[in-house]
Amino acid sequence: MNVLTDYAAEVLLLIFLVITFIQSGLDKLLDWKGNLTWLSDHFSQTPFKTFVPTLFIVLTIMELAAGILCGIGLIQLLMGSGNNLAFLGALVSCIVLLMLLFGQRIAKDYEGARTIVVYFIPAIFLLFLLQ
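Residues numbered from 1 in each chain as written. Predicted model: local features only at pLDDT ≥ 70, side-chain atom pairs only at ≥ 80, totals over all residues. Heavy atoms only, no water.

Draft legend 1. Representation of helix H6 (residues 110-130) in the model. The end-to-end C-alpha distance of H6 is 30 Å, a good match for the 30 Å that 21 residues give at a rise of 1.5 Å each. Along H6, the sharpest change in direction is near 25° and occurs at tyrosine 119; proline proline 122 comes one to four residues later. Within H6, burial applies to Gly112, Ala113, Ile116, Pro122, Ala123, Leu126, Leu127 and Leu130. Lining the buried residues of H6 we find helix H2 (8-30) and helix H5 (84-106). (Helix = DSSP H or I, 4+ residues; strand = E, 2+ residues; numbered from the N terminus. Expected span 1.5 Å × (residues − 1). Bend = angle between axes of the 7 residues up to and from the residue. Buried < 20%, exposed > 50% of the residue type's maximum accessible area, 1.4 Å probe, protein only. Contact = heavy atoms within 4.5 Å.)

Draft legend 2. Here's a closer look at the packing of aromatic side chains. In total, this model carries five aromatic pairs according to the counting rule given. Ring plane angle 50° and centroid distance 4.4 Å describe the contact between tryptophan 32 and phenylalanine 56, whose orientation is recorded as tilted. Remark: phenylalanine 56 occurs in helix H4 (residues 52-78) and tryptophan 32 occurs in helix H3 (residues 32-42); sequence separation between them is 24 residues. Classification of tryptophan 32 by relative accessible area gives partly exposed; the value is 30%. Phenylalanine 56 gets classed as buried once you look at its relative accessible area, which sits at 1%. (Phe/Tyr/Trp six-rings, centres within 6.5 Å; stacked < 30°, edge-to-face > 60°.)

Draft legend 3. Fine view of the pattern of salt bridges. For the structure shown, the criterion picks out two salt bridges. In this structure, glutamate 63 engages lysine 28 in a salt bridge whose closest nitrogen and oxygen atoms are separated by 3.1 Å. Here glutamate 63, found in helix H4, pairs with lysine 28, found in helix H2; they are 35 residues apart in sequence, far enough to count as distant. When sorted by exposure, glutamate 63 lands in the same class as lysine 28, which is buried. Arginine 114 is the partner of glutamate 111 in a salt bridge, and the nearest nitrogen-oxygen pair spans 2.8 Å. Here glutamate 111 and its partner arginine 114 are both found in helix H6, three residues apart, which amounts to about one turn of the helix. Judged by relative accessible area, arginine 114 falls into the exposed class, the value being 53%. (Salt bridge = Lys/Arg side-chain N within 4 Å of Asp/Glu carboxyl O.)

Draft legend 4. Layout of the nonpolar core. Counting residues in hydrophobic clusters, the biggest one holds 23 residues, and the most contacted among them are Leu14, Leu17, Phe21 and Leu126. Of all the elements in the fold, those that place two or more residues in this core are H2, H4, H5 and H6. When neighbours within four sequence positions are excluded, leucine 14 is seen to be in contact with Cys70, Gly73, Leu74, Leu77, Ala86 and Leu126. (Core = buried A, V, L, I, M, F, W, Y, C linked by side-chain atoms within 4.5 Å.)

Draft legend 5. Structural view of the environment of threonine 50. Mapped onto the elements, threonine 50 comes out in the loop between H3 and H4. Given the relative accessible area of 60%, threonine 50 is considered exposed. Sequence spacing of threonine 50 and methionine 62 is 12 residues, and the spatial spacing of their C-alpha atoms is 20 Å.

Draft legend 6. Region of interest: H4. Its 27 residues give H4 an end-to-end C-alpha distance of 38 Å, which sits within 8% of 39 Å, the value for a rise of 1.5 Å per residue. At the exit of H4 stands glycine 80, carrying a positive phi of roughly 75°.

Laid out in structure tokens, this is it:
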């Protein structure tokens, strides 16, 4: 069994999620103040306005966790050691994307919400493939 050819879609989707969430999490860490300022303004007219710093920390941790789990899961899959961490990474990725979608909808940023769906479709498809 050649893992790369037998699981090509899973491998490519895991790489996609690793890139997406590691980059996003690192961007938040490297430009903490800029991102927090933007988010505080974005949610200033919502019920979340006082919770933005706490939610930002949770989101950053969740994004990094999703990316790391997908990365470790990718290695586990390529080594032929199962897919349990890849599945967990895909699941956490879907949860993060639902968190982002909810936030965009609350902020009434419907264009931003639509963009999240573009990421959610491959993530949910990966979850389906790994079941």
